[in-house]
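Listed below are the residues making up each chain.
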Amino acid sequence: MTSILYGRPPAVFDPPAGAVQTSPLIPGSSDLAEMAAGSLDAATILAPPGVLERRYVLALALKALKPGGRLDVMAPKLKGGSRLGKELREFGLEPIETAKAHHRRCELVRPQDVTGLDAAIEAGAARLVPGLDAWSQPGVFGWDRIDGGTALLAASLPPLKGAGADLGCGFGALSTVALASPAVTSLDMIDLDRRAVECARRNVEDSRARLHWADARTMDLTDLNFVVMNPPFHDGGAEDKALGQAFIRKAAAMLKKGGVLWMVANRHLPYEAELNAAFARVRPAADKGGYKVFEAVK
């Protein structure tokens, strides 16, 4: 039996053991978009919250399922779960809906004919975004715009030099700014999201750039001259300041003495204590539009 898993559903839903993981947010997973039509017996999906992204994942799973294959999909009620049944019915399906553990769950057996799959896949696929002039994809952080914090940090950066890293590089907006300096010798671009890395590879055509589909917190890089980052502060949709604090500690570990961290964060996030503990000098460099930029020297 060929079974896939998308994401990490709560244990209460008994996710299948041995299923092939396909979430782009889990490094090393398989790509659902590359699975042959009609090749799967079963798919268990923790549906993502964004509408375009969720419909894209559902359509890919339904396309890969063989007729008679089983689809089991769930989502938190307030993050797409309330829409699951309606969206599946729009594909011409008749799911059985239940509620459990603050989630909505839909189960069904795939019929021979399913409608609207190609349109949903096209709407959620990577594309060159008009006005952004960059490749991106629904589900990637700030996928169709330059995030306000990223824009403020980009405007605050001086010309950088030496070897550096962009932690949580997204589709490559900050990396593009960093690499504008000819004194930069190398830049490691790291992101947990496979889609972001694939888009960044198309957006940053520079021999100095090295791309990594990985968790920045586990990367083994040292002796860097600089790090730039707009660290994440949500885990599974819930705010988690510990994520940004872990990024700060990792950036300090990557830098050589005298190396500099340039980071941006939402103004309300309490990162000052972590910065002061990890770095010799910390300077607020900008504060605007709900964001704050720091320059921190090791």
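Residues numbered from 1 in each chain as written. Predicted model: local features only at pLDDT ≥ 70, side-chain atom pairs only at ≥ 80, totals over all residues. Heavy atoms only, no water.

Details of the pairing of strand β11 (residues 209-213)
In this sheet, β11 lies alongside strand β10 (residues 184-191) in parallel orientation, the contact comprising five bridges. Within β11, the position partnered with Ile190 by the bridge is His212. Following the backbone out of β10, through helix α6 (residues 194-203) and into the adjacent parallel β11, one traces a crossover that is right-handed. (Pairing = 2+ DSSP bridges. Helix = DSSP H or I, 4+ residues; strand = E, 2+ residues; numbered from the N terminus. Right-handed = clockwise from strand over helix to strand, strands pointing away.)

Concerning the packing of aromatic side chains
Taken as a whole and assessed by the stated rule, the structure comprises zero aromatic pairs. Taking the ring centre of Trp135 as reference, the NZ or CZ of Arg202 above it sits at 3.5 Å. (Phe/Tyr/Trp six-rings, centres within 6.5 Å; stacked < 30°, edge-to-face > 60°. Lys NZ or Arg CZ within 6 Å of the ring centre and 35° of its normal.)

Focus: helix α1 (residues 51-64)
What sets the pattern is the α-helix's 3.6 residues per turn: residues three or four places apart point alike. For α1, spanning 14 residues, the distance from its first C-alpha to its last is 20 Å, which sits close to the expected 20 Å at 1.5 Å a residue. Counting buried residues along α1, 10 of its 14 residues qualify, which places the element largely inside the surrounding structure. Buried within α1 are the following residues: Glu53, Arg54, Tyr56, Val57, Leu58, Ala59, Leu60, Ala61, Leu62 and Ala64. (Expected span 1.5 Å × (residues − 1). Buried < 20%, exposed > 50% of the residue type's maximum accessible area, 1.4 Å probe, protein only.)

Some thoughts on the sheet that holds strand β17 (residues 291-297)
Taken in spatial order, the seven strands line up as β11-β10-β9-β12-β15-β17-β16 in an open sheet, and their pairing is mixed. Edge strands, defined here as strands with exactly one partner in the open sheet, are β11 and β16 (281-288). For this sheet the average axis-to-axis angle between neighbouring strands, irrespective of direction, equals 15°. When strand β12 (residues 224-229) meets strand β15 (residues 255-266), the two strands line up parallel, connected through five bridges. Bridge pairing in β15 places Val227 opposite Leu261. Against the sheet, α6 makes contact with β10 and β11, and its axis sits at roughly 160° relative to β11, the strand it touches most. (Axes fitted to C-alpha atoms, helices over the stretch in contact; angles between N-to-C directions. Contact = heavy atoms within 4.5 Å.)

Here we look at the pattern of salt bridges
For the structure shown, the criterion picks out 19 salt bridges. A salt bridge links Asp188 to Arg210; the shortest N-O distance between them is 2.9 Å. Taken together, the residues span a long stretch of sequence, with Asp188 in strand β10 and Arg210 in strand β11 at a distance of 22 residues. Here Glu274 ties to Arg249 by a salt bridge, and the two come within 3.0 Å at their closest N and O atoms. Separated by 25 residues along the polypeptide, Glu274 in helix α8 (residues 272-278) and Arg249 in helix α7 (residues 241-254) bring together distant segments of the chain. A residue is classified by how much of its surface remains accessible, and Arg249, at 45% relative accessible area, is partly exposed. Ionic contacts of the salt-bridge type, sharing partners, join the residues Glu53, Asp193 and Arg195 into one network. (Salt bridge = Lys/Arg side-chain N within 4 Å of Asp/Glu carboxyl O.)

Some thoughts on unusual backbone geometry
As a rule of thumb, non-glycine residues mostly have phi less than zero, and peptide bonds are mostly trans rather than cis. For Asp14, which is not glycine, the phi dihedral falls at a positive 50°. Here Asp14 lies in the loop between β1 (3-6) and β2 (20-21). Even without glycine at this site, His102 takes up a positive phi of about 65°. With respect to the helices, strands and loops of the structure, His102 is situated in the loop between β5 (96-100) and β6 (103-109). With a relative accessible area of 69%, His102 lands in the exposed category.

Considerations on the nonpolar core
Residues Ile45, Leu62, Leu71, Val73, Leu88 and Phe91 are the most contacted members of the largest nonpolar core, which totals 29 residues. Elements represented by at least two residues in this core include exactly β1, β3 (40-46), α1, β4 (65-76), α2 (84-90), β6 and α3 (117-124). Among the elements that take part in this core, α1 stands out by supplying eight residues, more than any other. What Phe91 contacts, discounting residues up to four positions off in sequence, is Arg55, Leu58, Ala59, Leu62, Val114, Thr115, Gly116, Leu117 and Ala120. Of all hydrophobic cores here, the second largest spans 27 residues; its members include Ala216, Met219, Phe233 and Ala296. (Core = buried A, V, L, I, M, F, W, Y, C linked by side-chain atoms within 4.5 Å.)

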